[in-house]
Amino acid sequence: MAEAVVHVEPGKEVHPLYCGVDVGGTNIKIGLVDDLGQTVAYRSIKTHQERGPADAMARVSKVTGEMIASIGYTVEDIAAIGLASPGTMDIQRGMLLEPHNLPQWYHFPIQKCLADLLGRRVVFANDANAAAFGEYWVGSGKQFRSSILLTIGTGVGGGIIIDDLLIEGEHSHGSELGHIIIDFGEDAREIPTGQKGHLEAYASGTAIIKRTLEALAESPDSSLQARILNGEEVSPLMVSEEAAKGDKLALHIVLETARYLGIGIVSLMHTIDPGAVILGGAINFGGHNSPVGRAFLQRVKDEIKIRAFPVPAENTVIDFAILGGAAGYLGAAGTARNACQRDCPK
């Protein structure tokens, strides 16, 4: 278990407090967050998904109680709890349905479970949507009334926020940004579930690996070949590293990924007209700190300018996320805060 990180000055009042819980396949992140989105205490625990959701929520409850006590507060001082988890889910009923990376957690009333354990209101959200709210509230999108977050990792996820409203949809499938269609051809690439032409099939980490392996068959001189012959498996990180060293194929893969993202982003821009589109997740090719990351971001912007209407093309901010792994629990806490401001008794 990670040690608690506490940032509260002795005797300083930090009301109101919110708790954000971000459930992942490996770890669960728990943060106590103040009204300005500052973390006042934090812990990470192992998910142990094989033990089931009831066990995990019991441990979340225990650790949350310890964190609250460590800063001299009680659970009654927590205005509300935000709980973010991977889908599929039924948000209105507070149910996990069949989360793909939590196979022992199917069809479980996770929202009610945690609410009963802690005796506080729990607001339930999809994990990618929560991360989007985190960036909107205190991250790269904080100066805008509306923003979109695209998370690029093994798959492509994300979230949409408009005037504090998280777009979750009638069937808890809102903001499935990786599944907009960018290729309608019969030979379009497939995602693991068999659907064709989705953005995720072209711009995810899985897609980057597949496209790289296909291209290597015709690129025997790529420096990627030497690493493969040395026993390494192709990964987005390897592609990024070799692109940074000047390998033409690796850089082509990076910029091609940016092109696909740009095409998808234009459809989102024309639908939502956001103030900002934020690129997050594990795959950013080094972000602003890397020439490859900067070239990647510029290629996304270039594709948008080619395809989008002039006004949004000129004025929509396209940038990298800044919250990293904290976005989920911060956004979960933010959704709890937002719900309280909307309808909690004063």
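To be clear, the structure that these remarks concern was listed above.
As the structure is a prediction and not an experimental result, all values here were calculated from the model. (Residues numbered from 1 in each chain as written. Predicted model: local features only at pLDDT ≥ 70, side-chain atom pairs only at ≥ 80, totals over all residues. Heavy atoms only, no water.)

Undergrad: So what exactly am I meant to see when it comes to the sheet that holds strand S12 (residues 276-280) here?
TA: Sheet strands pair by backbone hydrogen bonding; their relative direction is either parallel or antiparallel. Within the open sheet, the five strands sit side by side as S11-S10-S9-S12-S13. Their pairing is mixed. Across the chains shown, the open sheet's two edge strands, defined by having one partner strand only, are strand S11 (165-166) and strand S13 (317-320). Direction of pairing for S12 relative to S13: parallel, over a ladder of four bridges. Residue pairing in the sheet places Ile278 in a bridge with Asp319 of S13. Strands strand S9 (146-152), strand S10 (156-162), S11 and S12 of the sheet are contacted by helix H3 (residues 127-138), whose axis makes an angle of about 50° with S10. (Pairing = 2+ DSSP bridges. Helix = DSSP H or I, 4+ residues; strand = E, 2+ residues; numbered from the N terminus. Contact = heavy atoms within 4.5 Å. Axes fitted to C-alpha atoms, helices over the stretch in contact; angles between N-to-C directions.)

Undergrad: For this particular structure, what's the right way to read the layout of surface pockets?
TA: Where empty space is left can be seen by rolling a probe of water-molecule size over the atoms. Considering only enclosed or pocket space, the second largest pocket measures out at about 290 Å³ in volume. Elements supplying a minimum of two residues to the lining of the second largest pocket: strand S8 (122-126), S11 and helix H11 (327-343). Grouping the amino acids of the lining of the second largest pocket by side-chain chemistry returns nine nonpolar, three polar and four charged. (1 Å grid on protein atoms, 1.4 Å probe; cavity = no way out; pocket = protein on both sides within 12 Å on 5 of 7 lines; lining within 4 Å. Points joined across faces, edges and corners; volume = space filled by probe spheres on them. Nonpolar A, V, L, I, M, F, W, Y, C, P; charged D, E, K, R; others polar.)

Undergrad: Would you explain helix H8 (residues 248-272) in this entry?
TA: Each α-helix winds once per 3.6 residues, and so residues spaced three or four apart point in a common direction. Its 25 residues place the ends of H8 36 Å apart at the C-alpha level, agreeing with the 36 Å of an ideal helix rising 1.5 Å per residue. Among the residues of H8, the N-terminal cap falls to Asp247, whose side-chain oxygen and the backbone nitrogen of Leu249 are separated by 3.3 Å. Just beyond H8, the residue with positive phi is Asp273, at close to 55°. (Expected span 1.5 Å × (residues − 1). Polar contact = N/O pair within 3.5 Å; in protein donor to acceptor, adjacent residues only side chain to side chain.)

Undergrad: Would you take a moment to explain the pairing of strand S4 (residues 39-46) for this structure?
TA: Regular strands show a simple pattern: their side chains alternate between the two faces of the sheet. Buried residues dominate S4, accounting for six of its eight residues. Summarising the sheet, strand S3 (residues 27-34) and S4 pair through seven bridges and their orientation is antiparallel. The residue bridging Leu32 from the neighbouring strand is Ala41, located in S4. The antiparallel pairing of S3 with S4 creates a hairpin that spans four residues between the two strands, and Gly37 there sits at a positive phi of about 85°. (Buried < 20%, exposed > 50% of the residue type's maximum accessible area, 1.4 Å probe, protein only.)

Undergrad: Would you take a moment to explain the nonpolar core for this structure?
TA: Note on soluble globular proteins: their nonpolar side chains tend to be buried together. Within the largest apolar cluster, 46 residues are counted, with the highest numbers of intra-cluster contacts made by Leu150, Phe296 and Val300. Leu150 has contacts with Val156, Gly157, Gly158, Leu177, Leu199, Leu261, Ile265, Val277, Ile278, Leu279 and Gly280, leaving out every residue within four places of it along the chain. By size, the runner-up hydrophobic cluster in this structure holds 34 residues, among which are Val23, Ile28, Ile78 and Leu96. (Core = buried A, V, L, I, M, F, W, Y, C linked by side-chain atoms within 4.5 Å.)

Undergrad: Help me out: how do you make sense of the side chain of Thr47 in this one?
TA: For Thr47, the position within the fold is in the loop between S4 and helix H1 (53-70). Judged by its relative accessible area of 0%, Thr47 falls in the buried class. Of the polar contacts made by the side chain of Thr47, one reaches the backbone oxygen of Gly24; its length is 2.7 Å. Filtering out sequence-adjacent residues up to four positions away, Thr47 remains in contact with Gly24, Gly25, Thr26, Asn27, Ile28, Ala56, Arg59, Leu102 and Trp105.

Undergrad: Which parts of the structure should I look at to understand the environment of Ile180?
TA: Counting through the fold element by element, Ile180 comes out in the loop between S11 and helix H4 (200-203). What makes Ile180 buried here is its relative accessible area of 19%. Taking the C-alpha atoms as reference, Ile180 lies 16 Å from Thr154; in sequence the two are 26 residues apart. Filtering out sequence-adjacent residues up to four positions away, Ile180 remains in contact with Gly197, His198, Leu199, Gly264 and Leu268.

Undergrad: Honestly, the pattern of salt bridges in this entry has me stumped. Any pointers?
TA: One pass over the full model with this rule turns up 16 salt bridges. A salt bridge links Arg51 to Asp55; the shortest N-O distance between them is 4.0 Å. Of the residues examined, Asp55 reaches a relative accessible area of 26% and is grouped as partly exposed. Two residues, Arg227 and Glu232, come together in a salt bridge whose shortest N-O distance is 2.9 Å. One salt-bridge network, held together by shared partners, links Arg227, Glu232, Glu241, Glu242 and Lys245. (Salt bridge = Lys/Arg side-chain N within 4 Å of Asp/Glu carboxyl O.)

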